[in-house]
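For reference, the chains in residue letters:
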Amino acid sequence: MLDRRELARAVLSERGDLLCVAGLGAPAWDITAVGDTPQNLPLWGGMGGAAMIGLGLALAQPSRPVLVITGDGEMLMGIGSLATIAVQAPPNLSILVQDNEHYGETGGQETATRHGVDLVAMAKGAGIRDARLITTMDQVAPFRAAAHARAGLVFAVAKIDAASKPLVLPPREGALLQARMREAILGPAAHLE
Amino acid sequence: MEDWPETIFALLRKYDVKQVALVPDAGHSRLIRMCLADNAMRVVTLTTEEEGIGMMLGAWLGGQRSVLLMQSSGVGNCINMLSLATLHRTPMPMLVTMRGDYGEFNPAQVPMGQATQPVLEAMGTLVNRADKTEDVGAAVEATLKFAYNTYRPTATLIGQRIIGAKTFGKD
Ligand SMILES: Cc1ncc(C[n+]2csc(CCOP(=O)(O)OP(=O)(O)O)c2C)c(N)n1
Ligand SMILES: [Mg+2]
């Protein structure tokens, strides 16, 4: 069982121009705990949509690595998007599910992964060839390297401790979150589009 | 005069739309074929329409324009996800072919068809309608401009009078 904050720190270390979309709730707090930056889009809503935001962004910015970090509950809600994404297979997109087998944000109710639903198998079944299970910290560096390599769509499920962590909240203003990432990617001209 | 799907396709090119998200509808089939044949457009077939809302946010974050094509029943699948457009102020134009609208044969299409416009408007979408072929171009252009110039969800509903009702051979 990995510690979710340690995992986020390791995955986002030396991140260069990596863009990160985080699913609502704890994954958004985790990437913010590592360090809030314009290259982060922490979500406050849109449950089930994180991976698809990553797809649109990865298709628009093929020269940059795009990483989606999200929860098992969030990924299950948008599970069909694995099929959509597998077909497009942008080589610069990676998805990391922080699987605590619970809906942590809403009080710790069990998710389907608690009962044996296998997200790695579902991703493989969708056609994502590089779909991995991460259960130890030494598997994190190779995943991080793959996310930066832009050499193929990568999906990973990391089994994490279900304990919740202190809240580290990013800005709540969605227009700011969008505009700052656009500026980080496109420069000040982004605001004149 | 060109047909309305050609008119829409020309507008998607004029406005430099790079990502086209869709769940197929028979009414959109000609437009979809033209988009697929265009190397400058990335066509993404979704498993459910709400995926297209997330994708349009991602596209805009990365500096590309996108559009979502769907039939009216798909609008119901998008409701909560449309929060993202309002929250982030994201251009999200939607081109919706109507069912359950005018001369419908299939009872299952009527509840969502009749709710399509109120539901979109309840989620902050600016909606216009085209019920005559000659109105499609102006309506779709307004929807694209409104989205990209004023950063919000917008929709054109293409009425069943234009598309024709599917009657399963029971005319
Ligand atoms: C459409 C929708 N349904 C339900 C919720 C309530 N909700 C917010 S976070 C969350 C749980 C997320 O669980 P998971 O993605 O596994 O993240 P965790 O907190 O476990 O890390 C739920 C159910 C919501 N925000 N939106
Ligand atoms: Mg969880």
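Scope of this entry: the structure provided in the associated data block. These numbers were taken from a predicted model, which means no experiment stands behind them. (Residues numbered from 1 in each chain as written. Chains lettered and ligands numbered in written order. Predicted model: local features only at pLDDT ≥ 70, side-chain atom pairs only at ≥ 80, totals over all residues. Heavy atoms only, no water.)

Some words on the coordination of the magnesium ion (ligand 2)
Residue and element names in this part refer to chain A.
Moving on, step 1. The coordination sphere of the magnesium ion (ligand 2), as far as protein atoms go, consists of Asp72 (OD), Asn100 (OD1) and His102 (O), spread over 2.0 to 2.1 Å.
Moving on, step 2. Counting gaps between the donor residues of the magnesium ion (ligand 2) yields the pattern D-x27-N-x1-H. Remark: asparagine 100 occurs in the loop between β4 (93-99) and β5 (102-103) and aspartate 72 occurs in helix α4 (residues 72-77); sequence separation between them is 28 residues. (Donors = N, O, S within 2.8 Å, 3.2 Å for Na, K, Ca; no water. Helix = DSSP H or I, 4+ residues; strand = E, 2+ residues; numbered from the N terminus.)

Focus on the sheet that holds β4(A)
Residue and element names in this part refer to chain A.
Moving on, step 1. Across the sheet, which stays open at both edges, the six strands sit in the order β2-β1-β3-β4-β8-β7 with parallel pairing between neighbours. At either margin of the open sheet sits one strand with a lone partner, and together these are β2 (40-42) and β7 (130-134). Between one strand and the next, the sheet's axes are offset by a mean angle of 15 degrees, whatever the strand orientation.
Moving on, step 2. Two strands pair when backbone bridges link them, and strand β3 (residues 66-71) and β4 are joined in this way by six bridges, in the parallel orientation. The residue of β4 that forms the bridge with valine 68 is isoleucine 95.
Moving on, step 3. Against the sheet, helix α1 (residues 4-11) contacts β3, β4 and β8 (154-159), and its axis sits at roughly 165 degrees relative to β4. (Pairing = 2+ DSSP bridges. Axes fitted to C-alpha atoms, helices over the stretch in contact; angles between N-to-C directions. Contact = heavy atoms within 4.5 Å.)

A word on the site of ligand 1
Moving on, step 1. Around ligand 1, the structure places 17 residues, and the nearest of them are A:Asp72, A:Gly73, A:Glu74, A:His102 and A:Gly104.
Moving on, step 2. The environment around ligand 1 is built from residues contributed by chains A and B.
Moving on, step 3. Taking 590 Å² as the accessible area of ligand 1 by itself, protein coverage stands at 76%.
Moving on, step 4. Going through the elements one at a time, α2 (26-34), α4 and β5 of chain A are the ones with two or more residues in the shell around ligand 1. (Near = heavy atom within 4 Å. Areas by Shrake-Rupley, 256 points an atom, 1.4 Å probe, with all protein chains shown as cover.)

Concerning the environment of A:Met52
Moving on, step 1. Mapping A:Met52 onto the fold places it in helix α3 (residues 50-60).
Moving on, step 2. Residue A:Met52 is classed as buried on the basis of its relative accessible area, which comes to 0%.
Moving on, step 3. Once the C-alpha coordinates of A:Met52 and A:Asp36 are considered, the two residues, 16 residues apart in sequence, prove to be 22 Å apart.
Moving on, step 4. Not counting chain neighbours up to four residues away, the residues in contact with A:Met52 comprise A:Ser81, A:Thr84, A:Ile85, B:Leu46, B:Glu51, B:Gly54 and B:Met55. (Buried < 20%, exposed > 50% of the residue type's maximum accessible area, 1.4 Å probe, protein only.)

Points about the pairing of strand β1 (residues 17-22) of chain B
All names here are of chain B.
Moving on, step 1. Burial analysis of β1 places five of its six residues in the buried class, the great majority of the element.
Moving on, step 2. Looking at chain direction, β1 and strand β3 (residues 65-71) are connected through five bridges and run parallel. The residue of β3 that forms the bridge with valine 17 is arginine 65.
Moving on, step 3. Inspection of the sheet shows β1 paired to strand β2 (residues 42-45) by four bridges, in the parallel sense. Along β2, the bridge assignment pairs glutamine 19 with arginine 42.
Moving on, step 4. This β-α-β element, β1 to helix α2 (residues 29-36) to β2, shows right-handed connectivity. (Right-handed = clockwise from strand over helix to strand, strands pointing away.)

Remarks on the interface of chain B and chain A
Moving on, step 1. The interface of chain B with chain A comprises 27 residues on the first partner and 32 residues on the second.
Moving on, step 2. Taking both sides of the interface into account, the surface hidden between chain B and chain A amounts to around 2,300 Å²; carbon and sulfur atoms contribute 59%.
Moving on, step 3. Between the two partners, chain B and chain A, sit one salt bridge.
Moving on, step 4. The tally of links between chain B and chain A comes to 16 residue pairs in polar contact (both at pLDDT 80 or more).
Moving on, step 5. Listed by contribution, the elements that provide at least two residues to the side of chain B that touches chain A are β2, α3 (50-61) and α5 (83-88) of chain B.
Moving on, step 6. Ranked by residues supplied to the side of chain B that touches chain A, first place goes to α3(B) with eight residues. (Buried area = accessible area lost by both parts, 1.4 Å probe. Salt bridge = Lys/Arg side-chain N within 4 Å of Asp/Glu carboxyl O. Polar contact = N/O pair within 3.5 Å; in protein donor to acceptor, adjacent residues only side chain to side chain.)

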